[in-house]
Amino acid sequence: MDTSRSAADDAHIAGDASRLTPAQRAWVAQAAELGPRFAARAPAHDAQASFPRENFRDLHAAGLLSLAVDPRHGGAGADLLGCGLVAAELGRWCGATALCFSLHVSNTLWSGLVGDSLSMTGAQRAAHEAARARHESAIAREGQVWAQTISEGGAADAGKAPWSTVARRVEGGYVVSGRKVFASMAGEADVHGLLCTLQRPAATQADALFLAVPSDAPGLRVSGEWNPLGMRGTVSRTLEFHDVFVPDGDRVLPEGLYCQAAARWPAMFLMTSPPYLGLAQAAHDFTVRYLCGEVPGLPPVQRRMYPTKQFAVAQMRLKLEQMRALLLACLAEAGPDPDRHARLRLLAAQHTVVEQSAEICQLALRTCGGQALTKNLPLERLLRDARCGAVMLPWTAELCLDQLGRDSLYWAGEDEEAIDG
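What counts, and at which threshold
- Residues numbered from 1 in each chain as written.
- Predicted model: local features only at pLDDT ≥ 70, side-chain atom pairs only at ≥ 80, totals over all residues.
- Heavy atoms only, no water.
- Helix = DSSP H or I, 4+ residues; strand = E, 2+ residues; numbered from the N terminus.
- Rg over C-alpha atoms; globule rule 2.2 N^0.38 Å.
- Buried < 20%, exposed > 50% of the residue type's maximum accessible area, 1.4 Å probe, protein only.
- Contact = heavy atoms within 4.5 Å.
- Lys, Arg positive; Asp, Glu negative; His and termini not counted.
- Charge placed at Lys NZ, Arg CZ, Asp CG, Glu CD.
- Salt bridge = Lys/Arg side-chain N within 4 Å of Asp/Glu carboxyl O.
- Axes fitted to C-alpha atoms, helices over the stretch in contact; angles between N-to-C directions.
- Parallel < 35°, antiparallel > 145°, perpendicular 65-115°, else oblique.
- Polar contact = N/O pair within 3.5 Å; in protein donor to acceptor, adjacent residues only side chain to side chain.
- Phe/Tyr/Trp six-rings, centres within 6.5 Å; stacked < 30°, edge-to-face > 60°.
- Pairing = 2+ DSSP bridges.
- Left-handed = near helix turned anticlockwise from the far one by under 90°.
- Core = buried A, V, L, I, M, F, W, Y, C linked by side-chain atoms within 4.5 Å.

Caption draft 1: Here's a closer look at the overall build of the protein. Along the backbone of the protein there are 11 helices and 7 strands. Expected size for 421 residues packed as a compact globule is a radius of gyration near 22 Å; at 22 Å, the protein falls within 12% of this value. Residues counted as buried form 53% of the 421 residues belonging to the protein. Pairs at least 24 residues apart make up 74% of the contacts formed inside the protein by residues separated by at least 6 positions. When the 40 basic and 46 acidic side-chain charges of the protein are each reduced to a single mean position, those positions are 4 Å apart.

Okay, structure coming up:
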């Protein structure tokens, strides 16, 4: 009996690929084909905290940069599950590339898949479709890379207040002023999908605007350093908006509709999770190879016969299958207006993935031992990248727990009782 193994023996990122559509299998296969190239570049981008621009050129050449673009505009028309599967596969090879890819495709999912389900007037729909066609065609044709620019370091990040970055209405568009922190791909993306607030008296979250701001727009500046623990290739520096003009035609969604979209499509906030599934899969796969003495460049020493190693790998596999099943189920069932229990599952999936990804990477490092701490092996980078998932807004692990607990005990419209002292 032939007991030899190869890279082809690694588990498919979906677990059971037979359940996927032919298109989904093809997209994942394309990402897997690019993967070794991305993995070879990952250490340098991590060390230099540099954006993997060449990876995005490769994604464009493979047609994956336009994965969520409508076929009418040159794309594949993928849904959340299709995009999530590709992001997870990319996460096996380069976490920073996978996360930036997730942010990129999220913009076209918001304007396309989500936008299609929103109520618009005839004039709004016509203007939206014109802007969408122009933006999506540029992604498909020119390989434009889009960032998602959200964080400000305040309550707005968690949906508890309007954005401090404001857009003042002027003839033909808006003038934007403000500041965004941890702005992924700052100075590297071609376009920033910006969330801000339409300036008006007593503005609320309902006045949120989703605008497309080109990186070369006058008044847009990048500031600050980027020297974080992990996900260093995302280059998430500070973006400053100094009276940046944005024309009407560069709205990602019509005025007043982002708030509706966010309320009706909470699954969109799960799109930062798939890269962390990929990181966990990579840590598991490396550990198996290491214990079997099959890591290229290392002595072929087997350690798989020790019960402590077997127990650790079992723990890793349990966590990996749990997070995979929950995440992919949530992405597959994603749609507008989920019921209460579906919303709770989304929060549970986010928390499970970001926390257990880091736990798996930690187990991998401890199981493989001191040698795994060296930077010529990927485990220490996988752990640093995975640890970043728990603090990613808007659904940090902490906020997920808070919301999950409250929404499990209170129904819409109910107020919390006072705590008797």
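Next comes the rest of the write-up.
Caption draft 2: Looking closely at the pattern of salt bridges. This structure, assessed with the given rule, holds 30 salt bridges. Put simply, Glu129 and Arg72 hold a salt bridge, and the shortest N to O gap is 3.5 Å. On the criterion of sequence distance, the pair formed by Glu129 in helix α5 (residues 122-142) and Arg72 in the loop between α2 (53-61) and α3 (80-91) is long-range, its members being 57 residues apart. Taking the relative accessible area as the measure of exposure, Arg72 reaches 57% and is therefore exposed. A salt bridge links Arg141 to Glu142, with the nearest nitrogen and oxygen atoms 3.0 Å apart. Residue class for Glu142 comes out partly exposed when judged on its relative accessible area of 48%. Taken together, the shared-partner salt bridges connect Asp70, Arg72, Asp116, Glu129, Arg132 and Glu136 into one network.

Caption draft 3: A look at the packing of α3 against helix α4 (residues 95-116). One can describe the packing of α3 onto α4 by two numbers: an axis separation of 8 Å at closest approach and a directional angle of 170°. With respect to α4, the element α3 is oriented roughly antiparallel. Side by side, α3 and α4 meet where Leu80, Cys83, Val86, Ala87, Leu90 and Gly91 of the first sit next to Gly95, Ala98, Phe101, Ser102, Val105, Leu109 and Leu113 of the second.

Caption draft 4: Quick look at the side chain of Ser273. Considering the arrangement of structural elements, one finds Ser273 in the loop between α6 (257-264) and α7 (274-291). A polar side-chain atom of Ser273 sits 2.3 Å from a polar atom in the side chain of Gln350. Those residues in contact with Ser273 that sit more than four places away from it in its chain are Leu327, Gln350 and Val353.

Caption draft 5: Quick peek at the packing of aromatic side chains. Scanning the model with the defined rule gives 8 aromatic pairs in all. On the numbers, 6.3 Å between centres and 75° between planes, the contact of Phe182 with Trp226 is edge-to-face. Separated by 44 residues along the polypeptide, Phe182 in strand β3 (residues 173-183) and Trp226 in the loop between β6 (220-223) and β7 (237-247) bring together distant segments of the chain. Using a relative accessible area of 61% as the deciding quantity, one classes Phe182 as exposed. Pairwise contacts between aromatic rings join Trp110, Phe210, Tyr258, Phe269 and Trp395 into one cluster.

Caption draft 6: Just the pairing of strand β4 (residues 191-198), in detail. Within β4, 8 of the 8 residues are buried, which leaves the element mostly enclosed by the surrounding structure. Bridge count between strand β1 (residues 146-149) and β4: 4 bridges; the pairing is parallel. Within β4, the residue paired with Gln148 across the bridge is Gly193. Bridge analysis of strand β2 (residues 166-170) against β4 gives 2 bridges, and the strand direction is parallel. Its bridge partner being in β4, Ala167 is matched across the sheet by Leu198. Pairing geometry for β4 and strand β5 (residues 208-214), over 7 bridges, is antiparallel. When the bridges of β5 are listed, Cys196 appears paired with Leu209.

Caption draft 7: Geometry of the packing of α2 against α4. Relative to each other, α2 and α4 sit at 55°, their axes nearing to 10 Å. Between α2 and α4, the crossing angle belongs to the class labelled oblique. Handedness of the α2/α4 crossing: right-handed. For the pair α2 and α4, contact is made by Asn55, Phe56 and Leu59 and by Thr97, Cys100 and Phe101, respectively.

Caption draft 8: Just the nonpolar core, in detail. One finds Leu59, Phe101, Trp110, Tyr258 and Tyr276 to be the most contacted residues of the largest nonpolar core, which totals 112 residues. Sort the elements by how many residues they give to this core and helix α9 (residues 340-368) lands first, with 12 residues. When sequence neighbours within four positions are dropped, the list of residues in contact with Tyr258 reads Trp110, Leu195, Ala208, Phe210, Leu253 and Phe269. Counting residues in each nonpolar core, the second largest holds 17 residues, with Ala186, Val213, Leu239 and Phe241 among its members.

Caption draft 9: Region of interest: the environment of Gly219. Within the secondary structure, Gly219 is located in the loop between β5 and β6. For Gly219, a relative accessible area of 26% corresponds to the partly exposed category. Here the alpha-carbon distance between Gly219 and Glu240, two residues 21 residues apart in the chain, equals 7.9 Å. Sequence-distant contacts of Gly219, that is, excluding residues within four places in its chain, are made with Glu240, Phe241, His242 and Val244.

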